[in-house]
Amino acid sequence: MTEINNLPLHHVWNYTDVDRRFWDEHFADWLPKRMIDAHVHVSHPSFCLFPMTEEMKMQYWVSEVNEPMDVETLCRCYGAVFPDREISCLVFGQPTLDTDYEKNNDYIEQICREKGWYGLSVLDPKWSQVKVEKELSRTGIIGLKPYYAMIGFNPDTRDQYIEAGIFDFLPHHTLEVLNARRSWVTLHVPKAARLGHPDNIREVREIRKRYPDITLVIAHLGRCYTEKHALEGLLPLADDPGLYFDTSAVVNADSHYVALKHIGIDRLVYGTDNPIFFMRGRRQFTETSYVNRTSHDFHFNKNRETPEIEARYTLMMYEDIYAIKTAMTRLGIDTPENVEKLFHGNARKWMKSCADAKNDKMPSGA
């Protein structure tokens, strides 16, 4: 094995021999040769409208690790973390009003043209149907990325609108266009109670009933990062064969187990939520919450583990894949066919369906 030492990745993170050994042991002979990351944020520092302050970093751990990542950085990093793999992505920008999302959407279209990938435009819920139609007509753009932070901007808090209803940031007039065009939506559900909140369950069911031709993908398994939340959120929606989920940022084998057992391999797709998951560390869980452990001196990382433990940390994106592999192994479904579906085939099929609906040719990169 070639020595890696410290190969710069993104932000403060490096790729090391620890990571390559982890890859070789767990993934080199397991992951398919072609992979699709169906949840990755690509932006550029120049699109930032408001500088990140220390106060904002202290509000929420993501603010400290979510440094803008351009496409050149993404491709360079993926060449390191996914050796000997052909990687394509479903890309979208940063869905926040402290980013120039219009420029970011232009950038996503440019990436799709240049890379032969697909993308989603970040949705402003105030857009008219005419504007939505225009966005969906862009080259390579097969859908939209809504988010509750797009309702309004408050520099003092990230989650002013976390208790909003889904239709507050994904309005019905937009859903009508998406349904007519058979487009893709990656939906990050609101509420502190996550997917299992009764309003979320009701509104997701309403979307599926009223707009059945949308490819609706619930991000992060509905933010079900613990087994309890997975049981509360996933089981009520398990009987809808046309509702899909991405696995991004779920570093819990128990949550993946619930999803794989009750949702099934054919309704799941792999994603990273990068740039966040280049972070080095691991996640520890209570019944309804988690703590991120990492080797960098962030505000949120006050209770450090010993240097001996930190030296064994690998990338969180590797921990995520390992949790998926663990769950698949527990269920006895870790066959090459199923691994290929989750990490490539499902995303390709769903993207092709959306592209066919707008008469786009399937890009070679997908």
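Conventions we followed
- Residues numbered from 1 in each chain as written.
- Predicted model: local features only at pLDDT ≥ 70, side-chain atom pairs only at ≥ 80, totals over all residues.
- Heavy atoms only, no water.
- Helix = DSSP H or I, 4+ residues; strand = E, 2+ residues; numbered from the N terminus.
- Rg over C-alpha atoms; globule rule 2.2 N^0.38 Å.
- Buried < 20%, exposed > 50% of the residue type's maximum accessible area, 1.4 Å probe, protein only.
- Contact = heavy atoms within 4.5 Å.
- Areas by Shrake-Rupley, 256 points an atom, 1.4 Å probe, with all protein chains shown as cover.
- Salt bridge = Lys/Arg side-chain N within 4 Å of Asp/Glu carboxyl O.
- 1 Å grid on protein atoms, 1.4 Å probe; cavity = no way out; pocket = protein on both sides within 12 Å on 5 of 7 lines; lining within 4 Å.
- Points joined across faces, edges and corners; volume = space filled by probe spheres on them.
- Nonpolar A, V, L, I, M, F, W, Y, C, P; charged D, E, K, R; others polar.
- Pairing = 2+ DSSP bridges.
- Axes fitted to C-alpha atoms, helices over the stretch in contact; angles between N-to-C directions.
- Right-handed = clockwise from strand over helix to strand, strands pointing away.

Scanning the chain from terminus to terminus reveals 15 helices and 13 strands. Taken over the C-alpha trace, the chain has a radius of gyration of 19 Å; the compact-globule value for 366 residues is 21 Å, and the two agree within 12%. For the chain, the spread of C-alpha atoms along the three principal axes comes to 55 × 45 × 40 Å. Across the 366 residues that make up the chain, the buried fraction comes to 59%. A separation of at least 24 residues holds for 77% of the contacts in the chain among residues at least 6 apart in sequence. A total accessible area of about 14700 Å² is found for the chain, and carbon and sulfur atoms account for 49% of it.

Glancing now at the pattern of salt bridges. Using the criterion set out here, one finds 22 salt bridges in the structure. Among the ionic pairs, E109 bridges to R113, the shortest N-O distance being 3.3 Å. Residue E109 and its partner R113 are both found in helix α5 (residues 101-115); the two are separated by 4 residues, about one turn of the helix. Judged by its relative accessible area of 13%, E109 is buried. Residues R330 and D254 are paired through a salt bridge, measuring 3.0 Å at the closest nitrogen-oxygen approach. Linking R330 in helix α14 (residues 316-331) with D254 in helix α12 (residues 253-262), this pair joins segments that are 76 residues apart in sequence. Judged by its relative accessible area of 30%, D254 falls in the partly exposed class.

Of the pockets and cavities examined, the largest pocket occupies roughly 1000 Å³. If you trace the largest pocket, you find 49 residues lining it, with V62, N66, T96, Y147 and R158 closest to the centre. Across the lining of the largest pocket, the residue classes tally to 24 nonpolar, 16 polar and 9 charged.

What follows concerns the sheet that holds strand β8 (residues 215-218). The parallel open sheet is built from 8 strands, whose spatial order is β3-β4-β5-β6-β7-β8-β9-β10. On the outer flanks of this sheet lie β3 (34-41) and β10 (268-269), each paired with one strand and no other. Note that β8 and strand β9 (residues 244-246) share 2 bridges and pair parallel. Each residue of the ladder has a partner; that of V217, found in β9, is Y244. Its contacts with the sheet place helix α6 (residues 129-136) against β5 (118-122) and β6 (141-145), and it is angled at close to 130° to β6.

Side chains T215 and V217 of β8 all project onto a buried face; the interleaved residues L216 and I218 project onto the opposite face, where all are buried too. Here 4 bridges tie strand β7 (residues 184-187) to β8, and the two strands are oriented parallel to one another. Looking across to β8, one finds that L187 is bridged to I218. A crossover links β7 with its parallel partner β8, the connecting element being helix α9 (residues 198-210), and its sense is right-handed.

Read across the sheet, 3 strands follow the order β12-β11-β13 without closing on themselves; strand pairing throughout is antiparallel. Edge positions in the open sheet fall to β12 (290-294) and β13 (314-315), since each of these has one partner strand only. In the sheet, strand β11 (residues 280-285) pairs with β13 via 2 bridges, with the strands oriented antiparallel. Within the sheet, the bridge partner assigned to R280 lies in β13 and is L315.

Functional significance is not addressed by these values, which are geometric in nature.
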